[in-house]
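Secondary and tertiary structure notes
Here are the chains, one letter per residue:
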Amino acid sequence: MKIRKNPKKNRTRHAIPVVILSTVLLFTMSVFYIDSTSSSAAGTDHLFLPDSTVTNTASDDSTNEGSDNSTDEDGTTEYLVTTEYPDEPGKAPELASNYAIVLDANTGNILYQKNAFDKQYPASITKIMTFLLAIENTKLTDTVTMSHDAVFGIDRGSSHIGLDEGEQISMEDALYGMMLESANEVAWGIGEFVSGGSIEDFAKMMNERAVKLGCLGTHFVNANGLPDENHYTTCYDMALITKACLEHDEFRKITGTRNHVIGPTNICEEERQLWQHCKMTNPDSKYYYEYCEGGKTGYTNDALNTLVTWSKKGNTELICVLMNCNGAANTYTDSKAIYEYCFRNYSLQTPLADYTFDSTQTSQALDYLNSYYKADSGSDITLQVDKDYKLNFNKNYDIKKLTYSIEYNKEPVKDGDTYTVGHLILSYGGNMIGTTDLTVTGYNPDGKQISSNNTEHAADATVAASAAKKKLSIHPLWIILAVLLLLAVLFVAYLIHIQKARKHQRALQAARKKQYEERRRQLQETFDNDLDE
């Protein structure tokens with residue numbers, strides 16, 4: 001005879017491991033979520049690239065680069081287009097570009113951003129970095145000689161101006177050829193000349209310069225931007241590179257030129273006519289924008305259309321970077337729309353005029369310095385930021401809702417008695433919109449107190465700082481997790497208690513049954529004895 005198991009007992013027995021496994025799963029998911037959230041907040045930990053396959057022979061076509069690869073001159077397109085809201089001047093336009101940023105060329109403030117810290121393929125806007133290194137390390141009168149690799153190392157279907165191996169042009173003509181016609185062989189030749197060696201050496205220079213500019217999501221492997229899965233950057237990083245270039249008058253002059261002529265060379269007797277690809281500076285184009293001063297276009301099959309422009313209205317100069325856009329026409333309409341929105345809605349403010357630091361921030365700064373110098377100083381320190389710091393702030397926002405946070409450098413930079421320890425980050429609605437240096441005076445690693453004078457242009461808060469521990473910051477998810485874990489433990493304890501109670505009850509029932517059987521046996525024996533008598 002088969003014994004039928006008690007289903008309730010089965011359920012109780014299996015409930016405990018199920019609850020424990022569920023608790024472990026919740027814990028793992030919570031830790032993963034917290035880790036991924038903190039990583040994405042940094043903005044540069046993940047590479048989000050188009051789904052298309054990278055090939056070494058994908059073209060950087062000059063026609064696609066300067067004109068809409070998917071439309072005619074009238075701008076009709078099958079893709080998303082720029083959407084503006086003329087009846088709502090305070091509402092930002094919806095862009096066809098998947099990645100975008102608008103940065104103030106003077107303050108470095110971010111006025112608008114859309115996925116601006118995600119890594120993407122830049123195509124020919126790479127040449128802005130090539131220009132920066134060239135203008136910083138050469139003279140315009142230097143002679144660039146085209147190598148075999150420079151001429152034959154590129155796809156001849158890509159942008160070029162037909163230079164031949166051994167042909168020589170001035171660095172000035174080379175920069176015009178690279179920035180106006182986006183000539184890939186010229187960019188290669190410039191890279192070799194600047195590095196004094198190979199294009200690999202030049203790429204190393206590019207990456208080192210990018211780091212110095214504060215670019216955290218950039219890695220270059222060539223001078224022209226032709227496709228490579230290891231060649232990428234972000235809209236924010238490209239804006240920083242462009243900002244550095246705009247400090248050079250030669251950059252403004254060359255990129256703002258519509259037409260340039262390269263005269264006869266040692267190999268070619270004919271003149272070469274160079275024309276600007278960016279239509280926003282061309283008064284004859286429907287995409288002309290009166291405030292645009294210059295720009296650089298880009299296109300590959302993998303990067304799609306990219307565009308960097310800079311425009312000035314009054315005393316405000318803005319840099320706009322667009323990446324991963326279907327159609328050059330859309331990059332022009334996107335740029336104009338977002339420029340108009342920013343010029344219309346933003347004005348310069350001085351939000352740090354009355355800013356002060358609290359004792360916790362001061363203690364944390366002291367802890368940071370003591371940790372770096374392995375000291376136990378109790379110096380009276382002063383935290384300072386520029387009181388005259390200017391921020392481009394949206395007129396439709398409430399400046400009182402700005403939030404501030406401190407981000408420390410990996411190591412402090414000492415200049416006399418002043419230590420630059422990090423940055424004060426200004427955010428609105430969870431998005432960083434500005435940053436300025438944070439400095440400390442009055443610190444002495446030996447523990448002696450140094451007097452410090454406050455300047456009229458610095459916000460200060462002098463607090464006698466002990467080596468206080470940083471306040472523990474608890475993420476809300478940890479609180480939720482702790483509550484769930486506690487509930488799970490209580491539930492398991494309840495199940496164990498019920499199981500024990502039922503076991504005890506069954507034991508009592510068994511004892512009673514045994515007692516009853518014993519009593520029944522005794523009565524039966526008594527009854528049998530009476531019958532025998």
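From a predicted model like this one, the values you see are computed outputs, not experimental measurements.

A look at unusual backbone geometry
Even without a glycine there, the phi angle at Asn 115 is positive, about 55°. Take Asn 115: it is sitting in the loop between β2 (110-114) and α3 (127-137). Accessibility expressed as a relative area gives 38% for Asn 115, which makes it partly exposed. Here Lys 374, not a glycine, exhibits a phi torsion of approximately 55°, which is positive.

Remarks on the packing of aromatic side chains
All told, the structure shown has 19 aromatic pairs when counted by the stated rule. On the basis of an interplanar angle of 75° and a centroid distance of 5.6 Å, the ring pair of Phe 393 and Tyr 428 is categorised as edge-to-face. A residue pair is termed long-range when its members are at least 10 positions apart, and Phe 393 in strand β12 (residues 391-394) and Tyr 428 in strand β14 (residues 418-428) qualify at 35 residues. An identical accessibility class is assigned to Phe 393 and Tyr 428; each is buried. Taken together, the aromatic side chains of Tyr 289, Tyr 291, Tyr 339 and Phe 343 make up a single cluster linked through ring pairs. Taking the ring centre of Tyr 85 as reference, the NZ or CZ of Lys 91 above it sits at 4.0 Å.

What about the nonpolar core?
One recurring pattern in soluble globular proteins is that nonpolar side chains are buried together. Membership of the largest hydrophobic core comes to 61 residues, with the highest contact counts inside it found for Ile 128, Leu 175, Ile 190 and Val 321. In terms of residue count, helix α8 (residues 235-245) provides more of this core than any other element does, eight residues in total. Aside from chain neighbours lying at most four places away, what touches Ile 190 is Thr 130, Ala 134, Val 144, Met 171, Ala 174, Leu 175 and Met 178.

Some details on the confidence of the model for the protein chain
Regions with low pLDDT carry predicted coordinates that are not meant to be interpreted in detail. For the protein chain, the mean per-residue pLDDT works out to 83, and 77% of the residues sit at or above 70. Every residue in residues 66-77 scores below 50 in pLDDT, and together they form 31 contacts with partners more than four places removed in sequence or on other chains. Taken together, the stretch residues 449-473 has pLDDT below 50 and engages in 61 contacts with residues farther than four places along the chain or on a different chain.

A closer look at the environment of Ile 267
Looking at where Ile 267 falls in the secondary structure, it is placed in the loop between β5 (259-262) and β6 (272-275). A sequence separation of 100 residues divides Ile 267 from Glu 167, and the C-alpha atoms of the two residues are 5.8 Å apart. Leaving out residues up to four positions away in the same chain, Ile 267 has contacts with Asp 164, Glu 165, Gly 166 and Glu 167.

Definitions and cut-offs
Residues numbered from 1 in each chain as written. Predicted model: local features only at pLDDT ≥ 70, side-chain atom pairs only at ≥ 80, totals over all residues. Heavy atoms only, no water. Helix = DSSP H or I, 4+ residues; strand = E, 2+ residues; numbered from the N terminus. Buried < 20%, exposed > 50% of the residue type's maximum accessible area, 1.4 Å probe, protein only. Phe/Tyr/Trp six-rings, centres within 6.5 Å; stacked < 30°, edge-to-face > 60°. Lys NZ or Arg CZ within 6 Å of the ring centre and 35° of its normal. Core = buried A, V, L, I, M, F, W, Y, C linked by side-chain atoms within 4.5 Å. Contact = heavy atoms within 4.5 Å. pLDDT = per-residue confidence, 0-100.

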